[in-house]
Amino acid sequence: MSVPRTLGDLRRSIFSEERLRTRRVKDELRDNLVARLRGNGDASVFPGIVGYDDTVVPQIINAILSRHNFILLGLRGQAKSRILRALTTLLDPQMPYVAGCEVHDNPYAPICRRCRDEVARLGDETPIAYLTPDERYVEKLATPDVTIADLIGDIDPIKAARGGHELSSELTVHYGLLPRANRGIFAINELPDLAGKIQVGLFNIMQEGDVQIKGYPIRLPLDVALVFRANPEDYTARGKIITPLKDRIGSEIRTHYPATVEEGIAITAQEAWTRRNGHTLHLPNYVQEVIERVAFAAREDKKIDKRSGVSQRLPISALENVISNAERRAITHDEKITVPRIGDIYAALPAITGKLELEYEGEMKGADYVGRELIRSAIAKTFDQYFTGVNMQQVIQWFDLGGEIQLSESAPAAEVLPTLRNIQGLMDKLTRVNVGPKDTPETQVSAAEFVLEGLHAHKRIGRNEERVFTAGEKQPRVADKPFEREEGPYRPRRPLN
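**Focus on the pairing of strand E16 (residues 468-471)**
Regular strands have side chains that alternate between both faces of the sheet.
Consideration 1: Of the strand pairs in this sheet, strand E14 (residues 405-406) and E16 are connected by two bridges, and their pairing is antiparallel. Paired with Ile405 across the bridge in E16 is Phe469.
Consideration 2: Strand direction decides the pairing type here: strand E15 (residues 461-463) and E16, joined by three bridges, are antiparallel. Bridge pairing in E16 links Arg463 to Phe469.
Consideration 3: Between E15 and E16, which pair antiparallel in sequence order, lie four residues; one of them, Arg467, sits at a positive phi of approximately 60 degrees.

**Considerations on the side chain of Asp223**
Consideration 1: Take Asp223: it is sitting in the loop between strand E9 (219-220) and strand E10 (224-230).
Consideration 2: Classification of Asp223 by relative accessible area gives buried; the value is 10%.
Consideration 3: From its side chain, Asp223 meets the backbone nitrogen of Val25 in a polar contact 3.0 Å long.
Consideration 4: In this structure Asp223 touches Arg23, Arg24, Val25, Ala181, Asn182, Arg183 and Gly184, once residues within four positions along its chain are discounted.

**Brief notes about the nonpolar core**
Consideration 1: Ranked by size, the top nonpolar core spans 64 residues in total, and within it Leu356, Leu420 and Leu452 carry the most contacts.
Consideration 2: When residues of this core are traced back to their parent elements, those giving at least two are helix H14 (285-300), helix H15 (313-332), helix H16 (342-347), helix H19 (367-387), helix H20 (393-400), helix H21 (413-421) and helix H22 (441-457).
Consideration 3: The greatest single-element share of this core, amounting to nine residues, is contributed by H19.
Consideration 4: When near neighbours in sequence (up to four residues on either side) are disregarded, Leu452 contacts Val395, Phe399, Ile405, Leu407, Leu420, Ile423, Leu426, Ile461 and Phe469.

Rules used throughout
- Residues numbered from 1 in each chain as written.
- Predicted model: local features only at pLDDT ≥ 70, side-chain atom pairs only at ≥ 80, totals over all residues.
- Heavy atoms only, no water.
- Pairing = 2+ DSSP bridges.
- Helix = DSSP H or I, 4+ residues; strand = E, 2+ residues; numbered from the N terminus.
- Buried < 20%, exposed > 50% of the residue type's maximum accessible area, 1.4 Å probe, protein only.
- Polar contact = N/O pair within 3.5 Å; in protein donor to acceptor, adjacent residues only side chain to side chain.
- Contact = heavy atoms within 4.5 Å.
- Core = buried A, V, L, I, M, F, W, Y, C linked by side-chain atoms within 4.5 Å.

Functional significance is not addressed by these values, which are geometric in nature.
This is the structure:
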């Protein structure tokens, strides 16, 4: 689309002075949000954000409608950064500014000396450039070494020397990230890590809307929407948000982990890399549920630090590793379809243990032990979802009578399936997970292994480290108490005279 390239053409376009002179970025976010709500409701305000429709999203909508600066507080892996970056979808497709301006000045109300001089000199011939929504989003990761110069700006002696300016001139200013985010969104990640004196530097821009550089009387009335993200203060020991800054943040919005396994599966399926080039993938529902329940179990386990949290990246990484292990097996044995098994979840332990912050008890037992226990617990809960009330006595009896079977996670399905069929009553139970005799061998083996792993998780059959399934350990019987002579009541002996 042809757009105006000079200030004169801009005045006669849809970017008129009446529209842009006093329309600040928070007004722009609000106007576009209102239009979206009228057209689609609040369901699609942030596409790709799952599980927040009734909690976080309405609070963010309220903050934007109130023209607030806001902060997202939550543990790791709760889509905080993704939400902040999605705010750009509420910005106009194009925003005109004075061409060459470092702070993207409004052509009708420039704030920097260079643009004011340019407009005064060229008038309606002042060149105009445009920014896209993504170019109007500036993000800074807060670290303890961030300085006021990085954030606000500093006087540049080299610029003064080359231009022959006085150091006190506005033309010698080297602008920091915040002024360069003018007329856009400025996001700070991990706000508590920002040094206290640097947080003080945000006071003016949040309350009065301006910044001052190096003590010179240079006032820049910036137009910025400030958004922050942080972990809760009781988690991070590296710093804190100073109270006066918290007071200036309009809305504090707390994020959370998925409330249900179904929401977790939806997020993991959306984020994980499952579309591999090569073998056809069939991902059973019970495998997805076990992987997701590992994260849910970890968030409740006393051996894992709850203040640190268990990121949603755990099931995402685990699912990718599970598929890769199944893919490796399929490639090695030239199988036509890739079907993950429960054994592949144990093979994905490296994607699980690295994301757990253990308490003292967990450290004593080791990350691998904790990870295996989490998987076993997740298998047991998932097994109950499919097989509650199903009589498994025939399968258990087969093992009690001396039956054994080894299900190596690298064994091909064609080799394992005939042995599985020898287990009385096992294959008949697979209909509970929608698997029948006409399904592929890979699918049948995966489902049968799920049944055996479920029985092992409930300690009804045994399994060793070599993945050999055997009879479960029998509970020791309480021996009958041997006959003992009944003692009479105690009577002290009479002393002899």
